[in-house]
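# Summary of the model geometry
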Amino acid sequence: MKNIRKATVQDVSQLAELFDQYRVFYHKNSDIPAAEKFLKERIENNDSEIFVAESDDKLVGFVQLYPLFSSTRMKRYWLLNDLFVNENYRGNGFSKELIEEAKQLAKSTDACGVLLETGKSNDIGNKLYPSCGFEIYDEVNFYEWTNKDL
């Protein structure tokens, strides 16, 4: 049985394990205690919105969104920063359900949209996002400055 709901502090232990898998997927070192601390802070400080996917009372995926604002539109945007489903549960529609929840969040908060970025080599994501109504926005260049002091 599938269920998508907003994460709570009580979910942090299970959620941290998924978050750690997500980070390892992106070539970061495993650090579950730091993941627990990070997620607990996000939830307690209302810094982000996190939705979890459950199957048989077990967390199997999550999406995390951060608030942004568009000055030109004078509206909130949501940045879909993290989307992950445990490899044993992929192909069952959890990603699409989590994305739909993200879109509902945008609608319920009167946001002008949801932004995300994914690598050009992410074949699964580059098929998933258009199938969920996202369009490639190729009218601008995306730049990043990285703080080398960290």
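The name given to the protein chain in an unreviewed UniProt entry is GNAT family N-acetyltransferase, with Chryseobacterium piscium as the source organism.

## Digging into helix α1 (residues 12-25)
Over its 14 residues, α1 extends 19 Å from the first C-alpha to the last, a length consistent with the 20 Å expected when each residue adds 1.5 Å. For α1, the elements touching its buried residues are α2 (32-44), β2 (49-55), β3 (58-70) and β4 (75-85). Once α1 ends, the next one or two residues include H27, with phi positive near 65°.

## Side note on the packing of aromatic side chains
Applying the stated criterion across every chain yields a total of 10 aromatic pairs. A ring pair is formed by F19 and F38, whose centres lie 5.6 Å apart and whose planes are at 15°; its orientation type is stacked. Here F19, found in helix α1, pairs with F38, found in helix α2; they are 19 residues apart in sequence, far enough to count as distant. Look at Y22 and F84: their rings are 6.1 Å apart centre to centre, the planes differ by 70°, and that puts the pair in the edge-to-face class. Pair noted here: Y22 is in helix α1 and F84 is in strand β4, with a separation of 62 residues, a long-range link. Here the two residues Y22 and F84 agree in accessibility, since each one is buried. An aromatic cluster is defined as three or more aromatic residues linked by ring pairs; in this entry it consists of F19, Y22, F25, Y26, F38, F62 and F84. Residue placement shows R42 over the ring face of F38; its charged tip is 4.6 Å from the ring centre.

## Side note on the environment of F142
Mapped onto the elements, F142 comes out in the segment after α4 (123-131). Residues F142 and S13, 129 residues apart in the sequence, show an inter-C-alpha distance of 35 Å.

## A word on the side chain of Q64
Mapped onto the elements, Q64 comes out in strand β3. Under the relative-accessibility criterion, Q64 is labelled buried at 0%. A distance of 2.7 Å separates a polar atom in the side chain of Q64 from a polar atom in the side chain of D82. Residues contacting Q64, with those up to four places away along its chain left out, are F19, F38, L39, R42, S48, E49, I50, L79, L80, N81 and D82.

## Some points on the packing of helix α3 (residues 94-108) against α4
At their nearest, the axes of α3 and α4 sit 11 Å apart, and the two run at 50° to each other. When the axis of α3 is compared with that of α4, the two are oblique. Crossing of α3 over α4 shows right-handed handedness. Taken together, the residues of α4 that come into contact with α3 (itself represented by S95, K96 and I99) are L128, Y129 and S131. Residue composition of the contact of α3 with α4, grouped by class: 3 nonpolar, 2 polar and 1 charged.

## Examining α4
Buried within α4 are the following residues: G125, L128 and Y129. Axial view of α4: buried residues confined to an arc of 95°, hence all on one face. Exposed side chains of α4 directed beyond 90 degrees from the buried face belong to D123 and K127. Structurally, α4 contributes buried residues whose contacts are with β4 and α3. Backbone geometry just downstream of α4 places G133 in the positive-phi region, at approximately 95°.

## Brief notes about the environment of G133
Take G133: it is sitting in the segment after α4. On the basis of relative accessibility, which here comes to 56%, the residue G133 falls in the exposed class. The spatial distance from the C-alpha of G133 to the C-alpha of I99 is 9.9 Å, given a sequence separation of 34 residues.

Each value, and the rule that gives it
- Residues numbered from 1 in each chain as written.
- Predicted model: local features only at pLDDT ≥ 70, side-chain atom pairs only at ≥ 80, totals over all residues.
- Heavy atoms only, no water.
- Helix = DSSP H or I, 4+ residues; strand = E, 2+ residues; numbered from the N terminus.
- Expected span 1.5 Å × (residues − 1).
- Contact = heavy atoms within 4.5 Å.
- Phe/Tyr/Trp six-rings, centres within 6.5 Å; stacked < 30°, edge-to-face > 60°.
- Buried < 20%, exposed > 50% of the residue type's maximum accessible area, 1.4 Å probe, protein only.
- Lys NZ or Arg CZ within 6 Å of the ring centre and 35° of its normal.
- Polar contact = N/O pair within 3.5 Å; in protein donor to acceptor, adjacent residues only side chain to side chain.
- Axes fitted to C-alpha atoms, helices over the stretch in contact; angles between N-to-C directions.
- Parallel < 35°, antiparallel > 145°, perpendicular 65-115°, else oblique.
- Left-handed = near helix turned anticlockwise from the far one by under 90°.
- Nonpolar A, V, L, I, M, F, W, Y, C, P; charged D, E, K, R; others polar.
- Arc of directions from axis to C-beta.

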